[in-house]
Amino acid sequence: MKFRATICTIFCILFSYAASIEIPPEVPRPPRITQQPNEITYAIGQVGIVLKCAADALPEVSTTDGYRWEKDGNPLAVAKSGNNSIVMSSTDGTITFMGSEKLSEQELSEHEGIYQCFATNDYGTAMTNEITLKAAKSPYQQPQDVGLTPRVGESLQFKCNFDSNAGQTITWSFNKPGFTLSDRVSQTSEGGLVFANVIANDDKLEFYCIVKDLATRKSTDGTHYLLKVDKANPVPDREPAIISPSNSLEPQIQLKGDTLTLKCAATGKPTPTIEWSKLSGNWPTDRYTVQDSGHTVVITNASYSDDADYRCTATNYLGSAIATTSVQVQSRPFFASDESKPRDVVQTPGGSVEIRCDVEGLPTPTTSWRINGVPIDEAPEMTNRDVSPNLIRLWDLKSSDSSVYQCVTKNTHGTLIEQAFVNVLTSRPIPLDSNKAVYQQVEGKSVDIECHVFGSPPATIFWRPLVDRMEMFDNNSVLRINAVQSSDSGTYKCLASNEFGNAEVDFILEVLQPTSLSPVNGSTQYAELGKSVTMELELDIDDQLQPGPIRWEKNNIPVCSGVTCTISGLSFDDAGDYKVSVNTSLDGATTNINLVVRGKPNAPLLFQYTTTADPLVVNFRWESAYDNNAPVEEYKVEFEENQFAPGIWRTLKSGILPNQTSIAVTLSPFVNYQFRAIARNVVGWGKTSNVVGRYQTPSGAPVLNPTGVTGKGTDSDNMLIKWKPVKQIDQNGPGFAYIVSYCLAKSCTRDGPWMKAEVDGSTTMYEVKQTPVYEKYFIKVQSFNNDGNAPEPKVEVGYSGEDTPVAYPLNVQVETDEKNPTIARLSWEPVANVDVRGKLRGYVVSYRKPGESWNEVTVGNVTNATVTGLDPYMVYQFAVSVFNTKSVGRRSEFIRIKTPESIPGAPSNLRVVDKTATSLMFDWDSPKTPNGKITGYVLTCKAVNSTSEDSEIELLEPGLKLESLSPAKVYEITVAAKTAKGVGTEKALTQVSTHPEGAPGKVKFNATVDETNVTVTWQKPEGLPADKYFVESRRRDSNEWNRIGTYSNEQTEKPVAFSSFDPVSTYYVRIVAVNPYGESTTSPVVVEIGGTAINQGSITGEIWFIVIIALVVLLVIVLVLICLLRKKRGGKYSVAEKEGRLVDTESNVSNRQEVGEYNDEKDDEIKKPLAPKETTDIPSNGDASATPSNGVPLLAARTRGDSVGGDSIDAFADAEAREFNEDGSFIGQYGTIPSESVSNSAATSPGEQNGDAV
C-alpha cells in the first residue's frame, strides 16, 4: 500500500481505517458505560432509590476506586456499607440510598439533584449522562360529590384537578353501560370533559375522572358528578363555541420523533361536527389518524414538516366556530449520521486523528469537550492538540496521548454525551474472524468473503489461491468471487502482515446447487369453467438449504402457498399468469404458470335460414360463436317439430366444420320445422342460438322402408314377420301403411309369385298361419302413403316354426383312456335334417352313475365330444340326443362303461390309538376316493427338526404300532394308499409326540364287595400311561402284599372279580400301574369280606369331598337350631332384640340417634311401638368380643343390672312405660301389673340376647 506524505492523506486513511475497524477484546481499552439511569429518574415512596452505573473496560474498572459519583457538580460521599448512607455495589458503580424506602415523599426531596457517574481505568475515564433525580408526588384530588341539574341542550365543562410532578394519564369513567366519549362528549387536551349539549338520556349519569401517575403507578379519582337533567325547560339551539384549543399565541411545543396529539372540544346545539385542517403544507398521510369522531388528530413520529398552524372548525346549522393552534417541532440534541459523532480511533505513535462532534437540535445545542471526564479547559495543555467547538485534531501522537474524549451537547430538551477513545498503540495483526468459517453460495451468484484483521499499523492483506472472476475491496479485506461454480468450492486463505507480525485465517467456501421451481404440467395449464384445478410445482433445492414458504401470486395478490395451488369453482377471472416464488437463505427461484380457463362456446350469432326453389332444401347462415378460450371444433343444426315429437330437439346436420358459417340442408316432407344452431369445443356443446321457423314442408311418397325385417316361427305351423317401424317424421305424408309380401322358397323365386297383405302404419308384425314345419320363405315389407310407395324393399329370408326332433343319433361309441381315467371320448352318426325338424343347434351328451340323475354336456353341430371330470374306477352310462331351437330330442340307447383305475386319494381319519415314551400306535380308514382297488398303504415316520431320513413302511391293512422311538419327541406321520396304478400323491398327515420318561400316574379305582367276592374297576392313570396293572391285597393283620392279578390296558374300566379271600375277614386292596420307567401305587381300600368296602380310591374317599359333606351337615344343624329358637318365641315382640340393636348402634356411632329409635327427649316418641331395624355388622356366632367390618368394637353381652342390658327399658322410659305385656306391647297405656311379671317376661339369658341380635 502506498501512502502520500501529506498529513491530510495520512489522517484520512488512518481515520477511515479506525472508524471501520473492530477492536479485539484482548486489546486494552478505556471504560464504556453499559448501564445508567434515565436522564430523569423519580424517587418513589416506599421504593428504595437505586442509581445504576456499570462500564466495560480492559483492564476492568476497579470497584475500589474506579467508580465515583458527583451530585450537582460536587463529589458525592459514597460508602461501602452502612444503614443510613449511600452505598456502592461491590461489583460495579451502582449506588443504593439505604433507608430511602422508609422515607416519605417530602423527605425524599432531600435527595433531589443532578447526579453523574464516572468510571476510570489506566486508559481513561467514561461518564454517564447527567441524571436528574426528582421526588415523585402521588396524584391527589379533593374527594367530593357534586350534583348538577342542567337543562336539556345546556353545555357543560368539567376540569380534572390533580397534583403531580410527573407524567400522567387521564380517563373518565361513566356509570351507564355503553356510555363513552363521542361526537357530543369529548375530552380536552388538558384532560377536561366537555358536553356539547345535554340530552334527556343523560339523566342520572354519574361520572368522574381517574388520574394515573406514570412514575408512581398510583391512581386517584376526581370529583364524582351526578346529573339530574331538567327536561321541562330545554335550552334553545345555538351555534358552536370551541372550548379547546384556545386561540393562544403561545405555540404547542412538540419534540421530533414523539407523537403529536391535537384535540378539539366544542359546545353547541345541535352537536357540531369537528374538522381539522393544516394551514400550511399537507397532512403526512402515512403518519396521521383521526380519532374520537374527528375531535382528535394523532401524528406519529413527528418531524420538522409538522411544524405548522392547525385549525379546528366546529359547525352546525346555525354557524361555525374556529380555533387555531400553532405547533412548533423542536428536538433534543442528536447526530444526523455516524460520521458526525465521535468514534473510537486506533493509531500508531506519530500518527494523527480527528474527532468530530457535529450535533443537531432545536434550539441549537451548545457543545463542550471533556477529556477523561474533566472539562478540556481544565485539563493539561497539549501542544499537539487543536480544539474547536465541533472538532478536535491530534497529531504526532504518543502512547501517553491515549485518552477518552467526551463531547457534551445540551439544549432545553436534554443532554447528549458521546465519547471517543483515542488508542495510540502498536499491535501485530490479530484476526477477528473464526478460523475455517464457512461461506455458502449457490452456483452462478457472487460471494464476498470478508477477512477482518486488527493491527496497528493496519495490516496488509493478501489472498490465496487467486482464481479468475475474483475481485478485492476495502484494502483487500473483502474477496469477491463472481458467478461462483462448483469447482470454486474449497479453502481460501487470508494472509495479513505488518511490521510487528503476521496472521492468517482460513475460510471455507461451499458452492451449492441453485434452487429452481418448475411446473409439473407445463407452463400453460388448461382448466374448465366452474370446476377445480390444481397447479403443481417441482421444487429442486440443495440438501443444505432450507426453503421458505412457496408463495403464489396473481396480479401481486397472494392466492396460495406450497407446492400445489388448488382453485375451486373456476371463473374467467381466475385465468392469467400466476407467479410462484420461493426464497432460501442464499437464493430464490420464481416461475410462472399461465392458467387458461376454458368454457363451452357461446351461442352462434345471428342464426337464420332462407328457402330455395326446392321446398325441401333450405340454406342456414350464422356468425361464429365466441369460443371461451377453446377453439370451436364443430357446429350442428338442430330441429324441433310439433307433429310427432313436439318439444324434443334433434340433430338435423352435424359435423359442420368450425370455419364454416353457412350450409344447405335437405329436409323431410310433411314436417313443421323450427331450427337452432349450437357449437362444440373441447369442453363440450355450448349455448344454443336463437330459434328460427316454423317452416312446413309439403308431403311426398315415403323414401324409407322398415329395417330389421325377420321371419321366424313361434309355433310349428306359423311364421311371424317382424320389422322396425319407419319413424313418423320419415313417413312423409298422411295414409302411411306397410305392404307385407312372402312366398315359400321351394315353390317361388325372389321375384314371386308373392302373397301380399296391407297392414296399418302403427303395426310392426304380421303372422303367416298354417305353414309347414320349418320351411324357408322369401319375405319383404314396403312403405307407402297417400302420395305413393317407397322404393322396392330388400328381400329377406325367413323360416316357419320348428318342432321336436323325431330321431336320435345312431352308432354311439364310447372310449376310455388308460392314461387319463377321468375322461371319456364319444362319437356318433349325425341326425338327418329332416328328422331334426328345425335348425340343428347341436347335440346333448348325457352321462350318469347308475341310480343317479343325468349330467349333460352340450356341444355344437359335431359328431364327437369328450366328457371330463369322471371318477376313476367307476361305472357310467352314456347317451346322446339332438336339439334344435325349440327342444331336445330323445336320448339314444345308453352305453355302459367302467373307467380305468387311478392312484387313490388320502386315507381318512388318521388317529393315534395309543402312545408311550417309546411307541406310537396308529389307525386309519380307507380313502374316501379309492379310485381303484386298495392294495396296501405306505407309512412314513420322521422326527420333527431332525436331519435323519424318513422311515418308510409298507402295509397291507390299516393300523401300525411304531416302537423304539425317542421319549418326549415330536414325530411327523404320513400315510398314503396304494392301488395297482401306484401310491397316491395325497397323504394323511399328523404330528404327535411320545410321552416323556417316567413312572405312570396313579389310577382311580372302585371296589365292591359281596359275601365272598371283591370286584375292582379302574381307569387309565392321569399323566404318563401304564403298560400293565397289578391287583394286590393283604390281610389287615399282615404286612405282606399278595399279587392276585396282572392285566393289560385293555382291561381298564372293565370290572374284575376276585374270590380268593377268607370269609369274614378284613383286607386291604390296591392297584399298581407299571411301565418300563417305574410304577405307581394307589392308596389301599379296606375291604370287609361279607360286609362293605371303604373305597379310598373313589370320589367318596377324597378329603375335599369329606370336608364338603361335613360343612353341609353343620349348616343343616345351625339352620335347625335357628328355626327351633324362632318357634320358641312364637312371634312375640323382642324387646331384647330391639335393645341389642340400639346399644350396638350407639356403640358403633357415638352420640347419634336414628330416626324411629328410642329418644329420651320426647316422651310421646318413647311410647310408640319400636320399629325393628336391621343390623348387618353383629357376629352371627354370638361372640361379644368380635369387631365388625367398620372397625368399631361391639359391646359385651348384656346381663341384668347393666346400664342397658337385662330390664333394659329402664334406660329409656319412666316406670309406667317400662311394663310390657306378653306380646311385647306397652301395657302401661292400659294399666299396671306386678313388676315380677315384667321381670319374668322381659328377662332373657345372654345366649338368647346374642341369638336375637343375629
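Above this text sits the structure in question.
Calculation criteria
Residues numbered from 1 in each chain as written. Predicted model: local features only at pLDDT ≥ 70, side-chain atom pairs only at ≥ 80, totals over all residues. Heavy atoms only, no water. Helix = DSSP H or I, 4+ residues; strand = E, 2+ residues; numbered from the N terminus. Buried < 20%, exposed > 50% of the residue type's maximum accessible area, 1.4 Å probe, protein only. Contact = heavy atoms within 4.5 Å. Areas by Shrake-Rupley, 256 points an atom, 1.4 Å probe, with all protein chains shown as cover. Polar contact = N/O pair within 3.5 Å; in protein donor to acceptor, adjacent residues only side chain to side chain. Core = buried A, V, L, I, M, F, W, Y, C linked by side-chain atoms within 4.5 Å. Pairing = 2+ DSSP bridges. Axes fitted to C-alpha atoms, helices over the stretch in contact; angles between N-to-C directions. Phe/Tyr/Trp six-rings, centres within 6.5 Å; stacked < 30°, edge-to-face > 60°. Lys NZ or Arg CZ within 6 Å of the ring centre and 35° of its normal. Patch = residues over 30% accessible without salt bridge, like charges linked within 9 Å, V, L, I, M, F, W, Y side chains within 5 Å. Salt bridge = Lys/Arg side-chain N within 4 Å of Asp/Glu carboxyl O. Disulfide = S-S within 2.5 Å.

## Topic: the overall build of the chain
Of the regular secondary structure elements, the chain holds 8 helices and 94 strands. Burial statistics for the chain: of 1254 residues in total, 42% are counted as buried. Considering only contacts in the chain between residues 6 or more positions apart, those separated by 24 or more positions represent 64%. Counting only carbon and sulfur atoms, one obtains 49% of the accessible surface of the chain, whose full area is about 66,200 Å².

## Focus on the side chain of Thr916
Among the structural elements, Thr916 can be located in the loop between strand 78 (908–915) and strand 79 (920–925). According to the relative accessible area criterion, Thr916 is buried, its value standing at 13%. A distance of 3.2 Å separates the side chain of Thr916 from the backbone nitrogen of Thr918, its partner in a polar contact. Sequence-distant contacts of Thr916, defined by excluding residues within four places in its chain, comprise Thr994, His995, Pro1025 and Asp1027.

## What to know about the nonpolar core
Ranked by internal contacts, the top residues of the largest apolar core, which has 23 residues, are Tyr67, Trp69, Ile95, Phe97 and Tyr115. Among the elements of the structure, strand 3 (49–51), strand 4 (54–58), strand 5 (67–71), strand 7 (86–88), strand 8 (95–97), strand 9 (113–121) and strand 11 (131–135) are those that each provide at least two residues to this core. For Phe97, the contacting residues outside a window of four places in its chain are Ile49, Leu51, Ser85, Ile86, His111 and Tyr115. Grouped together as the second largest cluster of nonpolar side chains are 22 residues, Trp622, Val637, Phe639 and Leu652 included.

## Topic: the sheet that holds strand 50 (residues 551–554)
Reading across from one edge, 48-54-53-50-51 is the order of the 5 strands in this open sheet, with mixed pairing throughout. Since the sheet does not close on itself, it has two edges, and those belong to strand 48 (524–528) and strand 51 (557–561), each with one partner. Neighbour-to-neighbour, the strand axes of this sheet turn through a mean angle of 30 degrees, independent of strand direction. Note that strand 48 and strand 54 (residues 588–598) share 5 bridges and pair parallel. Counted as the bridge partner of Ala527 is Val597 from strand 54.

## Comments concerning the packing of aromatic side chains
Per the counting criterion, the structure on display carries 33 aromatic pairs. Between Phe639 and Tyr673, the aromatic rings sit 5.3 Å apart at their centres with planes inclined by 65 degrees, giving edge-to-face as the arrangement. In this pair, Phe639 is assigned in strand 57 (residues 634–641) and Tyr673 in strand 60 (residues 672–680), connecting sequence segments 34 residues apart. Tyr673 carries the same exposure label as Phe639, and that label is buried. Through a chain of ring-to-ring contacts, three or more aromatic side chains come together here, namely Phe607, Tyr609, Phe620, Trp622, Tyr635, Phe639, Tyr673, Phe675 and Tyr695. Stacked on the ring of Phe334, the Lys or Arg Lys256 has its end atom at 5.1 Å from the ring centre. The lysine or arginine in question, Arg680, covers the ring of Trp685, its NZ or CZ lying 5.7 Å from the ring centre.

## Examining the pairing of strand 86 (residues 1005–1009)
Across 5 bridges, the pairing between strand 86 and strand 87 (residues 1014–1018) is antiparallel. The partner of Phe1005 across the bridge, within strand 87, is Trp1018.

## Describing the pairing of strand 37 (residues 414–424)
Note on strand geometry: in a regular strand, side chains alternate between the two faces of the sheet. The buried fraction of strand 37 is high, at 9 of 11 residues. Two strands pair when backbone bridges link them, and strand 29 (residues 345–347) and strand 37 are joined in this way by 3 bridges, in the parallel orientation. From the neighbouring strand, Gln347 faces strand 37, where its bridge partner is Val424. Sheet analysis places strand 36 (residues 403–411) next to strand 37, joined by 9 bridges and oriented antiparallel. Bridge pairing links Tyr405 to Ala420 in strand 37. Counting the residues that bridge the hairpin from strand 36 to strand 37 gives 2 residues.

## Some thoughts on a nonpolar patch on the surface
On the surface, a nonpolar cluster with roughly 780 Å² of combined accessible area is contributed by Ile1108, Ile1109, Val1112, Val1113, Val1116, Ile1117, Val1120, Leu1121 and Leu1124. Mapping Val1116 onto the fold places it in helix 4 (residues 1103–1129).

## Concerning the state of the cysteines
Counted according to the given criterion, the structure contains 7 disulfides. Disulfide pairing is shown between Cys160 and Cys209; the S-S distance is 2.1 Å. Here the disulfide of Cys160 and Cys209 is right-handed, its torsion about the S-S bond being about 80 degrees. Of this pair, Cys160 sits in the loop between strand 13 (156–158) and strand 14 (168–174) while Cys209 sits in strand 17 (residues 206–213), and the two are 49 residues apart along the sequence.

## Describing the sheet that holds strand 49 (residues 533–540)
Here we have 3 strands laid out as an open sheet, ordered 47-49-52, and antiparallel in their pairing. At either margin of the open sheet sits one strand with a lone partner, and together these are strand 47 (516–519) and strand 52 (564–567). Averaged over neighbouring strand pairs, the angle between their axes works out to 20 degrees when direction is ignored. In this structure, strand 47 lies alongside strand 49, joined through 4 bridges in antiparallel fashion. Looking across to strand 49, one finds that Leu517 is bridged to Leu539.

## Points about the side chain of Thr409
Turning to its location among the elements, Thr409 is positioned in strand 36. By relative accessible area, Thr409 is classed as buried at 0%. With residues near it in sequence (within four places) discarded, Thr409 still touches Pro333, Cys357, Val359, Pro365, Thr366, Thr367, Gly414, Thr415 and Leu416.

## Structural notes on the environment of Gln991
Within the secondary structure layout, Gln991 lies in strand 85 (residues 988–993). Assessed through its relative accessible area of 48%, Gln991 is described here as partly exposed. Along the backbone, Gln991 and Glu972 are 19 residues apart, and their C-alpha atoms lie at a distance of 4.5 Å. Setting aside chain neighbours within four positions, we find Gln991 in contact with Val944, Val970, Tyr971 and Glu972. A distance of 3.3 Å separates the side chain of Gln991 from the side chain of Glu972, its partner in a polar contact.

## Some details on the pattern of salt bridges
Oppositely charged side chains can pair when the atoms bearing their charge come close. Under the counting rule described, the total for this entry stands at 42 salt bridges. Lys531 serves as the salt-bridge partner of Glu528, at 3.4 Å between the closest nitrogen and oxygen. By relative accessible area, which is 26% here, Glu528 ends up partly exposed. Judged by relative accessible area, Lys531 falls into the partly exposed class, the value being 47%. For the salt bridge of Arg825 with Asp817, the shortest nitrogen-to-oxygen distance reads 3.5 Å. The exposure class of Arg825 is partly exposed, given its relative accessible area of 38%.

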